[in-house]
Amino acid sequence: MKPLGKVLQQADLISSEQVEIALKEQTQFAGLRLGEILASHGWLKQETADFFSQQWPAVLEQKPKQPLGKYLEEAGLLNEQQIRTILAEQPKKNLRFGELAVLKGWLKPTTIKFFLEHLAPASQLQQHLWQQAETPIHESLAQAKQLHVGMVVPQQSNLKTSNPIKQSVLDPKLLEQELARLRLFSHSTIELFQLDEKASCPEVLLAEVLFWTDGQPVLTQKLCQLLAESDAFVAAGAEAVTVQQLLQTRLINNWETQVAAEHLQGMYDSIVNNQQCDPLLLLELYEEIWQQGEVPTDNSPEQSELLRLGLVMQQKDKLKLGNRIYQSVFDRNWVKQELDKILHPSLVETAIYNPIPSVNTLSTSNTIAAPKLKLSKRFWVLIAIAGLMICGSGLIVLGFSVFKWLQIEIIFQRGNTLLYQGEYQQAIAKYNNILKIDSNYYQSWTNRGYALARLKDYNQMLESCTTATIINPEAVYAWNCRGEALYNLKQYNQALVAFDKAITLNSEDPVFWINKTEALLALKQTDTALTAVHQAIELLKKVWEFERNDSNAKELAIAFGYQAKVLLQKQDYEASLQAYEQSLRYNPNYFVALRGKGIALQGLKRDDRAIAQFYSLLDRPQLTNNQKAEAWYYLGLSLCEFRQPEKAIAAFDRALKLKPDYQAAEKAKQACPQQFGE
């Protein structure tokens, strides 16, 4: 019996380089099968590896008793829907099963050849073969395409069929039909760019262009334009080399700065700054297609956007990678780099808005007209990546096969997506499924805790996050999660211990300093709180100096808002007012600072200015009902101090109408008349 790697190479399912890499990795990880390693890289489906390692030897020993499609399905090379489609189209197109599978792009001709050679009886195989024939070379797009797919090979002045097996799976007549729609395009394009003056065989040259662009209009036009502008004349047989060199030098290499690559630069911007979908989700989906080769269509917004951009193409019910130029530029390394750019800076960007779920001042709802926060999932994914870094190459540490480990990762990502979408119960169910497989997967315990926080189940949140810290005492976000749970359970001293542990593990994350500030405020330790929030501000200023954008500005606004809150508690109203003013310099629409400025003015007994501040705040659009209720309440307090009890009571009534359970407003309404003996 031949080694698995050799069999898979003969079937043209993997390359020799991929086998070599997998064999090297196998020597490093005892107990891992070759097929598992190949599948973990996304080079092969696990079911395909299992079929050839477990079932294929028995298939060869026995006389095949099943149709070709059945073996292809068992090998994971075709699914049931694809087989049904082929069988339904066979009578209409009068083509063999393998021919249709190849023409639809589902299988390579060499793979069909491999199965036919091993499964079909000699007499049946002979019926598949055509007699070899020759035809004179002439300039046609059909011949050019036949050369590309290996149907024919040049021999002196003729084209000769390359081998009988390729004939058996790819009918040149059908290929000619498929190319008929391209002929009109071919003629007009050659004429437009005067390619007949640039090449001995302009249609072959154009076919080479289409081989790379797959007909993408902008890329096809650009590449033809570059050929037209070139001083070189393309001799017969030099088309492929010429086009590839032109692509590398004028488009692909240094595409970020190439003048001719403006389309690729625009594509980059459309991906990483996408307005329709979260760029992280787009990149994750694109990475998945790179890893698996194809994914089933599900009509998700992310799939629709990748199709619209042209990064992927749809073949029946699958999404596959797009044209070869996009594949060369936006490759797996590029995806990894862009994911890193998104994930690592988002540590601050995400958590700063919601470090302690129960604390209202940390929510983006306190920012007037703030867009819906779309960053949460980055925070959860980051936890997963941090966990992988800790494990390193520790696939053995997990005690699972690579395939099992990948299964866990897939479930984890699904759970994170559900968490991001607000489906907290479903996310918890996914995390629970992971923990049934591997109870030591601390990332799942951590994210489960954050999901429980959204359900305000702080006791279970505490249990979940505490478990994560026990499993991995260096899991920094598990300690942060534990601190948040303790804070919400009003166990402030223990919360402070947890936040200090997170800071010990990573003192460069301003989120942990903000959370520590909140705990210290609850403990009335204002001096220490002032030191903590100062540390957060200094860290955020470093980020601001490095990259001044709207997101970083809002983070600084929140941090200065916390500084002002500490100063309010210290009754240093002048310093608090200055801190709120500083906050508003970074984010003029930050509700907490706008409200806090009025409160600081109240503390300074400048009620006339405080009244003006709250009226101004109420004039702002898109306040939530809770925000309006708070503004009316504080306005009422100032009006009462300003000896306008009737207006004050009217303000309290407005607050209670918006928020009927507003106890502070009810007490103030009762107290205000008594203050003046009314």
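You'll find the structure just up there.
Draft legend 1. Just the overall build of the chain, in detail. A tally of regular secondary structure across the chain gives 38 helices and 6 strands. The buried share of the chain, taken over its 678 residues, is 50%. The long-range share in the chain, meaning contacts at least 24 apart out of those at least 6 apart in sequence, stands at 60%. In the structure as shown, the chain presents an accessible area of about 32,400 Å², 50% of it carried by carbon and sulfur atoms.

Draft legend 2. Geometry of the nonpolar core. By size, the foremost hydrophobic cluster in this structure holds 92 residues, and its most contacted members are Met461, Phe512, Tyr633, Leu635 and Tyr662. Here this core takes 11 residues from helix H32 (residues 550-569), the largest share from any one element. Leave out the neighbours within four places in its chain, and Tyr662 touches Ala629, Glu630, Tyr633, Ala655 and Leu656. Listed in part, the 50 residues of the second largest apolar core include Ala199, Val209, Leu227 and Ile289.

Draft legend 3. Local environment of the sheet that holds strand S4 (residues 294-296). Spatially, 3 strands are ordered S4-S6-S5 in an open sheet, and the strand pairing comes out antiparallel. Each edge of the open sheet is held by one strand with a lone partner, namely S4 and strand S5 (312-315). Adjacent strand axes in the sheet meet at a mean angle of 30°, parallel and antiparallel pairs treated alike. Summarising the sheet, S4 and strand S6 (residues 318-321) pair through 3 bridges and their orientation is antiparallel. Bridge assignment links Pro296 to a residue of S6, and that residue is Lys318. Against the sheet, helix H18 (residues 301-309) touches S4, S5 and S6, its axis set at about 105° to S5.

Draft legend 4. Broad picture of the pattern of salt bridges. Enumeration according to the criterion identifies 19 salt bridges in this entry. Arg595 is the salt-bridge partner of Glu630, the closest N and O atoms lying 2.3 Å from each other. Linking Glu630 in helix H36 (residues 625-641) with Arg595 in helix H34 (residues 591-603), this pair joins segments that are 35 residues apart in sequence. Judged by relative accessible area, which is 12%, Arg595 ranks as buried. Sharing partners across several salt bridges, the network here consists of Arg33, Glu36 and Asp50.

Draft legend 5. Quick peek at the state of the cysteines. Applying the stated criterion to the full structure yields 2 disulfides. Here Cys465 pairs with Cys481 through a disulfide, and the sulfurs are 1.8 Å apart. With Cys465 in helix H27 (residues 458-471) and Cys481 in helix H28 (residues 476-488), this residue pair connects regions lying 16 residues apart in the sequence. An identical accessibility class is assigned to Cys465 and Cys481; each is buried. What pairs with Cys640 in a disulfide is Cys672, and their sulfur atoms sit 2.2 Å apart. Where Cys640 bonds to Cys672 through sulfur, the torsion about that S-S bond is close to 115°, and the disulfide is right-handed. Highlighted residues: Cys640 in helix H36 and Cys672 in helix H38 (residues 663-675), separated in sequence by 32 residues. Side by side, Cys640 and Cys672 carry an identical accessibility label, which is buried. Cysteine pairing for the chain (bonded cysteines numbered in sequence order): 1-2, 3-4.

Draft legend 6. Geometry of the packing of aromatic side chains. According to the stated counting rule, one finds 25 aromatic pairs in the structure shown. With centroids separated by 5.9 Å and ring planes inclined at 85°, the aromatic side chains of Phe114 and Phe115 adopt a geometry described as edge-to-face. The exposure class of Phe114 is buried, given its relative accessible area of 2%. Summarising the aromatic geometry, the rings of Tyr633 and Tyr662 are spaced 5.3 Å apart at their centres and angled 45° between planes, so their arrangement reads as tilted. With Tyr633 in helix H36 and Tyr662 in the loop between helix H37 (645-658) and H38, the pair connects residues that are 29 residues apart, well separated along the chain. Judged on exposure class, the residue Tyr633 and its partner Tyr662 are both buried. What links up through ring pairs into an aromatic cluster is the set Phe51, Phe52, Trp56, Phe114 and Phe115. Between the NZ or CZ atom of Arg324 and the centre of the ring of Phe211, over which it lies, the distance is 4.0 Å.

Draft legend 7. Looking closely at the pairing of S5. Sheet topology places S5 next to S6; 4 bridges connect them, and they run antiparallel. The partner of Val312 across the bridge, within S6, is Leu321. Counting the residues between successive antiparallel strands, the hairpin from S5 to S6 contains 2 residues, one of them, Lys316, with a positive phi of roughly 55°.

Draft legend 8. A look at the packing of helix H31 (residues 526-546) against H32. Relative orientation of the contacting elements H31 and H32 amounts to 165°, with a least axis distance of 9 Å. Considering the angle they form, H31 stands roughly antiparallel to H32. The two elements H31 and H32 meet at a crossing, and its hand is left-handed. Contact residues: H31 offers Thr526, Ala529, Leu530, Val533, Ile537, Leu540, Lys541, Val543 and Trp544, while H32 offers Asn552, Ala553, Glu555, Leu556, Ala559, Phe560, Tyr562, Gln563, Val566, Leu567 and Gln569. Its residues placed into classes, the contact of H31 with H32 shows 14 nonpolar, 4 polar and 2 charged.

Draft legend 9. Just the environment of Gly483, in detail. Within the secondary structure, Gly483 sits in helix H28. Separated by 17 residues in the primary sequence, Gly483 and Asp500 place their C-alpha atoms 9.1 Å from one another. Sequence-distant contacts of Gly483, that is, excluding residues within four places in its chain, are made with Ala495, Ala498 and Phe499.

Draft legend 10. Looking closely at the packing of H34 against H36. Where H34 contacts H36, the two axes come as close as 10 Å, and the packing angle between them is 10°. Of the possible angle classes, the one that applies to H34 and H36 is roughly parallel. Residue-level inspection shows Phe591, Arg595, Ile599 and Gln602 of H34 in contact with H36, the latter providing Gln627, Glu630, Tyr634, Leu637 and Ser638. Taken together, the residues that form the contact of H34 with H36 break down as 4 nonpolar, 3 polar and 2 charged.

Draft legend 11. Structural context of the environment of Leu604. Following the sequence through the fold, Leu604 ends up in the loop between H34 and helix H35 (607-618). On a C-alpha basis, the gap between Leu604 and Tyr573 in space is 6.2 Å, while along the polypeptide they are 31 residues apart. Setting aside its immediate chain neighbours within four residues, Leu604 contacts Tyr573, Glu574 and Leu577.

Conventions adopted
- Residues numbered from 1 in each chain as written.
- Predicted model: local features only at pLDDT ≥ 70, side-chain atom pairs only at ≥ 80, totals over all residues.
- Heavy atoms only, no water.
- Helix = DSSP H or I, 4+ residues; strand = E, 2+ residues; numbered from the N terminus.
- Buried < 20%, exposed > 50% of the residue type's maximum accessible area, 1.4 Å probe, protein only.
- Contact = heavy atoms within 4.5 Å.
- Areas by Shrake-Rupley, 256 points an atom, 1.4 Å probe, with all protein chains shown as cover.
- Core = buried A, V, L, I, M, F, W, Y, C linked by side-chain atoms within 4.5 Å.
- Pairing = 2+ DSSP bridges.
- Axes fitted to C-alpha atoms, helices over the stretch in contact; angles between N-to-C directions.
- Salt bridge = Lys/Arg side-chain N within 4 Å of Asp/Glu carboxyl O.
- Disulfide = S-S within 2.5 Å.
- Phe/Tyr/Trp six-rings, centres within 6.5 Å; stacked < 30°, edge-to-face > 60°.
- Lys NZ or Arg CZ within 6 Å of the ring centre and 35° of its normal.
- Parallel < 35°, antiparallel > 145°, perpendicular 65-115°, else oblique.
- Left-handed = near helix turned anticlockwise from the far one by under 90°.
- Nonpolar A, V, L, I, M, F, W, Y, C, P; charged D, E, K, R; others polar.

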